[in-house]
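Summary of the model geometry
Given next are the chains, with one letter for each unit.
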Amino acid sequence: MIVSIIGFAVMLFLLFAGVPLGFALMFVGLVGFAYVRADMVGQALISWGEAGLEFNMRAINGALVMTGQQMYDQVTLYSFTVIPLFILMGALISRANLAHELYDAANGFVGHFRGGLAMGTVVACGGFGAVCGSSLAVAATMSRVAMPSMRRYRYDDGLSAGAIAAGGTLGIMIPPSVPMVIYGILAETDIAKLFIAGILPGILLMALFSGAIAWTTWRHPEQGPPGARTPWPQRLRLLARVWGVVLIFVIIIGGIYGGLFTPTEAAGIGVTAAGAFAIARGKLSWRTLWESLIETGVTTGMIFVISFGAVIFANFVNLAGFTGGISDFLIGLEISPMGIVIAICLIYLVMGCIFDSLSMLILTIPIFAAILKPMGVDMIWFGIVAVITVEMGLITPPVGLNVFVVKATIGDISLGTAFKGVWPFVAAMALGLILVLIFPQIATVLPGLMGR
Amino acid sequence: MARLWSGIERGLELVICLSLIAMVALTVLDVVGRYFFNAPLSGGYEISEILMGLTVFAALPLASRAESHLAIGLLTDRLTGNARRWHRIVILVISTAGLGFIGWRMTVQAGIMYSSMASTGSLRLPLWPVAGAMAILGWLSCLVTAVLLARALAGLDRDLHAAKGSLE
Amino acid sequence: ETTIVFNNFLAPNDALWTDVMAPWIADIEAATEGRVKFTVPDSSLAPPPELLNSVQQGVMDGAFSMVGFARETNPELQMPLLPMTYFGDKETSVALWRTYEQFFKGKNALKDVELLGLVTTPANSLISMDATKPIDSLAAMAGLKMWSPPGIPAEALTAAGAVVSPGPAVRMHEVISGGVVDSFCCINFESLEVFGVIDFAKASTEVPGSIFAPAFAVYVRSDVWATISPEDQEKIRAVSGEALAARAAGGDDKETAARERALASGKTITPASDAFVAELTAAFAPVKDAWIASVQPMGIDGTAALDFYIAEQAKIAEGN
Ligand code: NA
Ligand code: NA
């Protein structure tokens, strides 16, 4: 236990010193594993012998071989093959110009309300999230699409940035979702059910975000003046133009729900559908296809460097008895499983200030699943709770990746302004989290209907 | 030097593109074969697994060249001048070591897989060449980072920040 | 004193762990009066296919792993995976160890490890996900979409005409619960409950000797073994091998209970007709022949070993 805590401390130090996360985890995990491996059988890792410093070569070799095996296993793990495919689908969809049409359609319906353009942004983010598995892609795309028109109507920059950054998180709440895939793999939970479980909480968050906008513009009407009213025939025409998004969503989620194909296969089918759609609209040249593929490959590569490190580090703390220790500690508290889930949420909120969503899930889910599963906690429900909580980390300072993305895309807005605009949405998300904690049905009712 | 790298870059991009396209094609053929021809690609998933491994490792040199391994710049982004330069050098040393470590361990892993004749369960494809290719790509990433390090030590690229990528 | 870091890749409440491996560890610690101790990490230190390598390379000191993963280096250990060779957990496990001692030992030893035991766990046969379409003939199997574990069972089922989508257990859950296949094979009722797919097992057909039983090899590193005194080594051997195999007896009780639960919940389980059994025997013959050919290079008489394995199971069933 003490060894694990030292390991965590060293890891955090390296992290704040700017060492890439994957390498920091890898080196600390390697040294820690070797130390514990020697210690477990009553030996020292390094000792002072007759010939000077002596290294325990068996423990060191064991640790080295473990790292090689884990790296190889991670990159060739069947369950992970869905990750590059969902990323590729998002990359293709971003290039198919769908976001503009979603935004126009959403605004046709809500744009004329006070704060309506921001609400339209949130709704369009949700629609885009239904065909894209990453929150950063949604935030980046919607920044380009929604920011210019909100500025035209003199929306407050903070409110606009907040709406886009928060709306971006819908990308991983509404299926498909790469973090949910990773959660499903690590917690050995049905990915199809997780996807379906995300639909209602996603809609709930969309409503809460709109509420946050209504509240902000009620207090400060000058921050979000109403836009132009769209006549009904025009609204329907705009709505009809988003059929592509609906079709792709129905193919993916309907196919999973109806048992036509598995989530892994749905990713491959989704890529094909997205590609066909982009081609049909004349948006897919060889150049853009090539760019989408490279972007996907590099993002996948970066995810896996972290997962190499995380699995090596996890093996170290596992051998050092940390997992068992933490679970004994939590059980020793003699609080209900709900209390433990709330404790975990608090841990995530603190971690979320610094870590990004995927690193957090990769680092913690194996440990938390080992604790919660034996207590009979519904792991689908906990998955939704975990995704909402790590989502908050995407928009909270000091490291809120979605906010960074919005700033990077728009350019002339200060981080201070953006983070100030985000607070009402953080509050809305906290409310959403509390609702899902109190009423687990929000997450569990739809997967329950799947009858399997 | 620049021409050599751009040639390597094209090659790696080609590996990534072909692997990803093949992964999509294998999945679609499996589904289509199952429903329309009663003949799924039995064991096709094993090829997908291998292709994913190749994608990840072919992306490593590209990510290394762009210094985009995910890091937290919370405290270190504010460094300027010499402090920034030396910080970047230290991070490059660590990254070079990390990538060299990956290359080395995949080399050993290839050896272990060769001697234990490890193969996939269904198609019985030998796995050591896969680990071998990963080893080569790992060493290439190490080399790329080492070149960046040498340039930094020679006083070039002074304005650059140390690694800071973003995920998802 | 020797401490063995022993890997468990199963869930801590898995029957193979709680009823076979954990008591065996306790036996050894008792027999050696604490001179040989075990520590078991909270979760597996290596992916299942890499466990043997891990022990050979010192990631851990001992482990048990599916024999199927050693297919390329140790074809002889694949014998228990052949179809229609499982007639009860204790019978099969003990007969397997006896067959090993008589036919395989010394011919093609596992590298750098000391093999201490071989155990099987309960088997299963053909399971249809459609209550109205039990798999009762070779004709019913033709073109049938089916999941099975990869390797020998997948090859056997393909030889019998099924359209097999093999894969690891995670894929099993995905393809069965997703409705991608119409049938599946080989996973015993208790495990189907654990994997959460028991409700899909609508109509089972039981084949004498089953289609597939998982088998596991138990081993420790040779150099760690060498640190144990010869007297203690003898004591360990006395509680390992056949004694360890006999512990597998409990598997059948748990499996019978799970099977009863399946029946009670309205699922049908029917024995295969004689005609179907004859068809399957003929269809599986090439798979058995391929195994016999694969062990010939190491000087093993595969036909004799297989006959002995089956005959020995009958003998053990009669109490010998
Ligand atoms: Na999504
Ligand atoms: Na944050």
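Computed from a predicted structure; not experimentally measured. (Residues numbered from 1 in each chain as written. Chains lettered and ligands numbered in written order. Predicted model: local features only at pLDDT ≥ 70, side-chain atom pairs only at ≥ 80, totals over all residues. Heavy atoms only, no water.)

1. Considerations on the overall build of chain B
- When helices and strands are tallied, chain B shows four helices and zero strands.
- When the helices and strands of chain B are placed in sequence order, the string is α-α-α-α.
- Since a compact globule built from 168 residues should have a radius of gyration of about 15 Å, the 20 Å found for chain B marks it as more spread out than a globular shape.
- Here the C-alpha coordinates of chain B stretch approximately 65 × 35 × 35 Å along the principal axes.
- Across the 168 residues of chain B, 54% fall into the buried class.
- For chain B, the exposed area adds up to about 7300 Å²; of that, 70% sits on carbon and sulfur atoms.
- Of the charged side chains in chain B, 13 are positive and 10 negative, and the gap between their average positions amounts to 8 Å. (Helix = DSSP H or I, 4+ residues; strand = E, 2+ residues; numbered from the N terminus. Rg over C-alpha atoms; globule rule 2.2 N^0.38 Å. Buried < 20%, exposed > 50% of the residue type's maximum accessible area, 1.4 Å probe, protein only. Areas by Shrake-Rupley, 256 points an atom, 1.4 Å probe, with all protein chains shown as cover. Lys, Arg positive; Asp, Glu negative; His and termini not counted. Charge placed at Lys NZ, Arg CZ, Asp CG, Glu CD.)

2. A short note on the pairing of strand S1 (residues 2–5) of chain C
Residue and element names in this part refer to chain C.
- Burial of S1 is two-sided: the residues Thr2 and Ile4 facing one way and the residues Thr3 and Val5 facing the other way are all buried.
- Bridge count between S1 and strand S2 (residues 36–39): four bridges; the pairing is parallel. Following the sheet pairing, Thr3 is matched in S2 by Lys37.
- Where the polypeptide runs from S1 across helix H1 (residues 15–31) and back to S2, its parallel neighbour, the crossover connection is right-handed. (Pairing = 2+ DSSP bridges. Right-handed = clockwise from strand over helix to strand, strands pointing away.)

3. Let's talk about the pattern of salt bridges
- Tallying each qualifying case throughout the model produces 31 salt bridges over all chains.
- Notably, a salt bridge pairs Arg35 of chain C with Asp232 of chain C, separated by 2.8 Å at the nearest N-O pair. In this pair, Arg35 of chain C sits in the loop between H1 and S2 while Asp232 of chain C sits in helix H9 (residues 230–239), placing the two residues 197 residues apart along the sequence.
- Relative accessible area serves as the criterion here: at 30%, Arg35 of chain C is assigned to the partly exposed category.
- Here Asp130 of chain C makes a salt bridge to Lys133 of chain C, at a shortest N to O gap of 3.9 Å.
- A single salt-bridge network, built from bridges that share partners, covers Arg95, Arg287, Glu291 and Glu295 of chain A. (Salt bridge = Lys/Arg side-chain N within 4 Å of Asp/Glu carboxyl O.)

4. Looking at the UniProt feature "transmembrane region" (unreviewed entry) in chain B
Residue and element names in this part refer to chain B.
- Under the local residue numbering, the UniProt record ascribes the feature "transmembrane region" (unreviewed entry) to residues 12–37, 43–64, 85–107 and 127–150.
- Its end C-alpha atoms 33 Å apart, residues 43–64 is made of 95% helix and 0% strand.
- As annotated, residues 127–150 comprises 96% helix and 0% strand, and the C-alpha atoms at either end are separated by 35 Å. (UniProt positions renumbered as here; feature names shortened; annotations may be inferred.)

5. Here we look at the side chain of Ser116 of chain B
- Relative to the assigned elements, Ser116 of chain B resides in the loop between helix H3 (81–115) and helix H4 (128–153).
- Aside from chain neighbours lying at most four places away, what touches Ser116 of chain B is Asn53 and Thr73 of chain C. (Contact = heavy atoms within 4.5 Å.)

6. Side note on the sheet that holds strand S8 (residues 183–185) of chain C
- Sheet architecture is open: six strands sit in the order S7-S6-S8-S5-S9-S11 (chain C), paired in mixed fashion. The open sheet terminates on both sides in strands that have one partner only, identified here as strand S7 (163–164) and strand S11 (268–271) of chain C.

7. Considerations on the interface of chain B and chain A
- Listed as interface residues are 58 residues of chain B and, on the opposing side, 66 residues of chain A.
- Carbon and sulfur atoms make up 79% of the surface buried where chain B meets chain A, a total of about 5200 Å² over both sides.
- For the pair chain B and chain A, the interface holds zero salt bridges.
- At the boundary of chain B and chain A, one finds four residue pairs in polar contact (both at pLDDT 80 or more).
- Counting only elements with at least two residues in the side of chain B that touches chain A, the list comes to helix H1 (2–36), helix H2 (44–65), H3 and H4 of chain B.
- With 15 residues, the top contributor of residues to the side of chain B that touches chain A is H3 of chain B. (Buried area = accessible area lost by both parts, 1.4 Å probe. Polar contact = N/O pair within 3.5 Å; in protein donor to acceptor, adjacent residues only side chain to side chain.)

8. A word on the interface of chain C and chain B
- Residue-level contacts link 21 residues of chain C with 19 residues of chain B.
- Buried surface at the junction of chain C and chain B, both sides included, amounts to about 1600 Å², of which 47% is carbon and sulfur.
- Of all residues in chain C, Asn53, Glu72 and Lys145 of chain C bury the most surface against chain B, accounting for 29% of the area lost on that side.
- Our count for the contact surface shared by chain C and chain B stands at three residue pairs in polar contact (both at pLDDT 80 or more).

9. Notes on unusual backbone geometry
Residue and element names in this part refer to chain A.
- Looking along the chain, the bond that leaves Pro175 and enters Pro176 is cis, with omega of -5°.
- Note that Pro176 resides in the loop between helix H8 (157–173) and helix H9 (178–186).
- Unlike most non-glycine residues, Arg154 shows phi in positive territory, near 60°.
- With respect to the helices and strands, Arg154 occurs in the loop between helix H7 (135–152) and H8.

10. Topic: the pairing of strand S10 (residues 215–221) of chain C
All names here are of chain C.
- In terms of burial, S10 is a largely internal element, seven of the seven residues being buried.
- Here strand S4 (residues 113–120) runs beside S10; their pairing, made up of seven bridges, is antiparallel. If you follow Leu115 over to S10, its bridge partner there is Tyr219.

11. Some points on the environment of Val317 of chain A
All names here are of chain A.
- Mapped onto the elements, Val317 comes out in helix H15 (residues 286–319).
- Between the C-alpha atom of Val317 and that of Lys407, which follows or precedes it by 90 residues, the distance is 37 Å.
- The contact partners of Val317, leaving out residues within four places of it in the chain, are Ser4, Phe8, Phe322 and Thr323.

12. Section: the sheet that holds strand S3 (residues 62–66) of chain C
All names here are of chain C.
- The sheet built from three strands is open, its strands ordered S3-S10-S4 with antiparallel pairing. The sheet is open, and its two edges are formed by S3 and S4, each paired on a single side. Taking each pair of neighbouring strands and ignoring which way they run, the sheet shows an average axis angle of 20°.
- Packed on one face of the sheet, helix H3 (residues 89–104) meets S4 and S10 and runs near 145° to S4. (Axes fitted to C-alpha atoms, helices over the stretch in contact; angles between N-to-C directions.)

13. A few points about a nonpolar patch on the surface
Residue and element names in this part refer to chain A.
- Taken together, Ile46, Trp48, Leu53, Phe55 and Met57 make up a surface patch of nonpolar side chains, about 610 Å² in accessible area.
- If you list the elements that add at least two residues to the nonpolar patch, you get strand S1 (46–49) and strand S2 (52–55).
- Tracing the backbone through its elements, the reader meets Met57 in helix H3 (residues 57–75).
- Judged by its relative accessible area of 52%, Met57 falls in the exposed class. (Patch = residues over 30% accessible without salt bridge, like charges linked within 9 Å, V, L, I, M, F, W, Y side chains within 5 Å.)

14. Quick word on the environment of Met52 of chain B
- When you line up the elements, Met52 of chain B lands in helix H2.
- On the basis of relative accessible area, Met52 of chain B is assigned to the buried category, the value being 0%.
- In this structure, the C-alpha to C-alpha distance between Met52 of chain B and Arg10 of chain B, residues 42 residues apart in sequence, is 18 Å.
- Not counting residues up to four positions away in its chain, the partners in contact with Met52 of chain B are Gln74, Val75, Thr76, Leu77, Phe80, Thr81, Pro84 and Phe304 of chain A together with Met23 of chain B.

15. Observations regarding the state of the cysteines
All names here are of chain C.
- Under the criterion given, the structure shown has one disulfide over all chains.
- Note that Cys185 is cross-linked by a disulfide to Cys186, the S-S spacing being 2.1 Å. Taking the sign of the torsion about the S-S bond as the criterion, the disulfide between Cys185 and Cys186, at about 75°, is right-handed. Across the pair, Cys186 and Cys185 agree in class, each one buried. (Disulfide = S-S within 2.5 Å.)

16. A word on the nonpolar core
- Formed by 281 residues in total, the largest nonpolar core has its most connected members in Phe382 of chain A, Phe57 of chain B together with Leu126 and Leu157 of chain C.
- No other element matches the 17 residues that H15 of chain A contributes to this core.
- Mapping this core onto the domain boundaries places at least three of its residues in each of domain 1 (2–75) and domain 2 (79–448) of chain A.
- Beyond its immediate chain neighbours, meaning those up to four positions away, Leu126 of chain C contacts Ile135, Met141, Met146, Leu157, Phe184, Ala203, Ser204, Thr205, Val207, Ile211, Phe276 and Leu280 of chain C.
- Phe6, Leu10, Val20 and Val36 of chain C belong to the second-largest nonpolar core, a separate cluster that totals 24 residues. (Core = buried A, V, L, I, M, F, W, Y, C linked by side-chain atoms within 4.5 Å. Domains from an automatic or database assignment.)

17. Quick look at the packing of helix H18 (residues 357–372) of chain A against helix H19 (residues 379–395) of chain A
Residue and element names in this part refer to chain A.
- Two numbers describe how H18 lies on H19: the axes approach to 11 Å, and their chain directions differ by 150°. With respect to H19, the element H18 is oriented roughly antiparallel. For the pair H18 and H19, the crossing hand works out as right-handed. Each of Ser357, Met360, Leu361, Ile365, Phe368, Ala369 and Leu372 in H18 lies in contact with H19, whose residues at this interface are Met379, Phe382, Val390 and Leu394.
- When its residues are assigned to classes, the contact of H18 with H19 shows 10 nonpolar, one polar and no charged. (Parallel < 35°, antiparallel > 145°, perpendicular 65-115°, else oblique. Left-handed = near helix turned anticlockwise from the far one by under 90°. Nonpolar A, V, L, I, M, F, W, Y, C, P; charged D, E, K, R; others polar.)

18. Quick notes on the packing of helix H6 (residues 116–129) of chain A against helix H11 (residues 199–219) of chain A
Residues and elements named next belong to chain A.
- One can describe the packing of H6 onto H11 by two numbers: an axis separation of 9 Å at closest approach and a directional angle of 165°. Taken together, the axis directions place H6 and H11 in an arrangement best described as roughly antiparallel. Read as a crossing pair, H6 and H11 show a hand that is right-handed. Facing Ala118, Met119, Val122, Val123 and Gly126 of H6, the residues of H11 in contact are Met206, Phe209, Ser210, Ile213 and Ala214.
- Taken together, the residues of the contact of H6 with H11 break down into eight nonpolar, two polar and no charged.

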